[in-house]
Amino acid sequence: MRVVSWNIHWGCGKDGRIRIHAIIDVLRKLNPDVICLQEVASNHAELEGNANANQFRQLAGAFGGYQPVIEPTSEIYQNNMPRQFGNMLLSKFRINQVHRYLLPWPPDPGSPAGMPRGLIEAVIDAPGGRVRVLTTHLEYYSPVQRMAQVRHIKYLHWEACERARIFQPDPTMDPPYQLGYRPGSAIYCGDFNFTPDSPDYQELIAPDDSIALPLVDAWRLRHPDIARAPTAGLHGFKWPERADCFDYFFVTDDLAQRVTEVEVQSETAASDHQPIVLDIA
C-alpha cells in the first residue's frame, strides 16, 4: 500500500498562480492507494491566486476511482456561501468507517491568530489487513495550541487502541451501534507544523505504557542514519526562512517491519510543501 501526504497550499505554486491540475498530475504520477491532503480550499477568492473553485470537488472528480472524505475545518459564510478550508482523504481501497475530530483550540493570548484544526480518520480494508489512516494539519502560530493538539491526538490513539482491545460485536444492537472492528494499527500523517527537534515531536513519540501500540517515526525506521529530507523551504518560496521538515508519517509499532520506504518528492514547486510518500507491505 502506498500513502501520499501533501499540504497542497490550495494549489498555489511558486509563481502565485493556482494550478490544481499540477497537483493532480503529481499525485497521478506517484500512483498512491491513499491520498491525504491538507490546505484544500473552496470559495476562498481572497487567498493568493484566487482559490474560488471548489477544490474538494475538483480533486474528488479527478480521482473518480477513489472514495473521498472531506473535512473543512474552517467554514465561514459570506452571502450564504460557505468558504471552506481543510483536509481531504481519498482511498482506492474500501473505507468502512470514517471519524472526524475537531482538535483543541485553547485561547492563547500570546498568539491571537490561528484557525480550527481537525483530524480525519478512515478505517480502510487494505490488502495487508484493516488499518486506520489519519491525516491532520496542526496549528502553526501557537505552540500552546499545537501541543494541546498533539496531546489530544495521543489520547485519541490510546482510546482507539483500548476500544480495539475490548471490541465485541453485538448484532442485536441498532445499526448505528454496529460500527464493526476498528483496529489500533494506524498510520498518522500530515503537516504537523513542528520540526524534529521540537518538544511537540518528542511528545508525540514519547513512550507511554498505557498505549498498547506506540507511534514511531516512519522516516527513522527506514533512514536512521540519514539527515531528514526537508518538506518545505525549497524552490525559493518565501516561507520558511530555511528548508526544514514539517510533514511526517508516524506508524504504530506493529506496522514498523512492514514499512518498505519513506521518501520526500522534492522536485515539484506546485506547493510550498513537498509530497511525502510511505510504502508499506
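Residues numbered from 1 in each chain as written. Predicted model: local features only at pLDDT ≥ 70, side-chain atom pairs only at ≥ 80, totals over all residues. Heavy atoms only, no water.

- Identification of the chain as Endonuclease/exonuclease/phosphatase family protein from Massilia antarctica is taken from an unreviewed UniProt entry.

Quick notes on the pattern of salt bridges
Here comes step 1: Applying the stated rule across the entire model yields 14 salt bridges.
Here comes step 2: We note a salt bridge from glutamate 139 to arginine 117, for which the minimum N-O separation is 3.4 Å. Of this pair, glutamate 139 sits in the loop between β8 (129-137) and α3 (143-166) while arginine 117 sits in the loop between β6 (95-102) and β7 (118-126), and the two are 22 residues apart along the sequence. Across the pair, arginine 117 and glutamate 139 agree in class, each one buried.
Here comes step 3: Where arginine 182 meets glutamate 121, a salt bridge forms, and the shortest distance between an N and an O atom there is 2.5 Å. Of the two residues, arginine 182 sits in the loop between α3 and β9 (186-191) while glutamate 121 sits in strand β7, which places them 61 residues apart along the sequence. This pair shows no difference in class: arginine 182 is buried, exactly as glutamate 121 is.
Here comes step 4: Within the structure, one salt-bridge network assembled from shared partners comprises Arg94, Asp125 and Arg130. (Salt bridge = Lys/Arg side-chain N within 4 Å of Asp/Glu carboxyl O. Helix = DSSP H or I, 4+ residues; strand = E, 2+ residues; numbered from the N terminus. Buried < 20%, exposed > 50% of the residue type's maximum accessible area, 1.4 Å probe, protein only.)

Thoughts on the sheet that holds strand β11 (residues 247-252)
Here comes step 1: Strand order across the open sheet formed by six strands is β6-β7-β8-β9-β11-β10, with mixed pairing between neighbours. Either end of the sheet is taken by a strand with one partner, and the two such strands are β6 and β10 (215-217). For this sheet the average axis-to-axis angle between neighbouring strands, irrespective of direction, equals 20 degrees.
Here comes step 2: Here three bridges tie β10 to β11, and the two strands are oriented antiparallel to one another. Bridged to leucine 215 within β11 is threonine 252.
Here comes step 3: On top of the sheet, α3 reaches β6, β7, β8, β9, β10 and β11; it is set at about 165 degrees to β8, its chief contact. (Pairing = 2+ DSSP bridges. Axes fitted to C-alpha atoms, helices over the stretch in contact; angles between N-to-C directions. Contact = heavy atoms within 4.5 Å.)

Description of the side chain of aspartate 247
Here comes step 1: Of note, aspartate 247 is situated in strand β11.
Here comes step 2: For aspartate 247, which is buried and forms no salt bridge, the nearest opposite charge comes from arginine 228, at a distance of 9.8 Å.
Here comes step 3: Here threonine 231 takes part through its side chain, which lies 2.5 Å from a polar atom of the side chain of aspartate 247.
Here comes step 4: Of the polar contacts made by the side chain of aspartate 247, one reaches the side chain of histidine 273; its length is 2.8 Å.
Here comes step 5: When neighbours within four sequence positions are excluded, aspartate 247 is seen to be in contact with Asn7, Gln38, Gly190, Asp191, Thr231, His273 and Ile276. (Lys, Arg positive; Asp, Glu negative; His and termini not counted. Polar contact = N/O pair within 3.5 Å; in protein donor to acceptor, adjacent residues only side chain to side chain.)

A closer look at the UniProt feature "domain: Endonuclease/exonuclease/phosphatase" (unreviewed entry) in the chain
Here comes step 1: Here the UniProt-annotated "domain: Endonuclease/exonuclease/phosphatase" (unreviewed entry) positions come out as residues 4-273.
Here comes step 2: Within residues 4-273, the helical portion is 20% and the strand portion 33%, while the C-alpha atoms at the span's ends are 13 Å from each other. (UniProt positions renumbered as here; feature names shortened; annotations may be inferred.)

Brief notes about the packing of helix α1 (residues 20-30) against helix α2 (residues 55-62)
Here comes step 1: Packing of α1 against α2 brings their axes to within 11 Å, and their N-to-C directions diverge by 35 degrees. In the packing of α1 onto α2, the handedness of the crossing is right-handed. On α2, the residues that touch Ile20, Ile24 and Arg28 of α1 are Gln55, Gln58, Leu59 and Ala62. (Left-handed = near helix turned anticlockwise from the far one by under 90°.)

Quick look at the packing of aromatic side chains
Here comes step 1: All chains considered together, the criterion is met by 15 aromatic pairs.
Here comes step 2: Note on phenylalanine 192 and phenylalanine 250: the rings are 5.3 Å apart at their centroids and 85 degrees apart in plane angle, and the pair reads as edge-to-face. Remark: phenylalanine 250 occurs in strand β11 and phenylalanine 192 occurs in the loop between β9 and α4 (199-205); sequence separation between them is 58 residues. Just as phenylalanine 192 is buried, phenylalanine 250 falls in that class too.
Here comes step 3: A network of ring pairs unites the aromatic residues Phe192, Phe194, Tyr201, Tyr248 and Phe250 as a single cluster.
Here comes step 4: Over the ring of phenylalanine 63 we find arginine 28; its NZ or CZ atom is 5.7 Å from the centre of that ring. (Phe/Tyr/Trp six-rings, centres within 6.5 Å; stacked < 30°, edge-to-face > 60°. Lys NZ or Arg CZ within 6 Å of the ring centre and 35° of its normal.)

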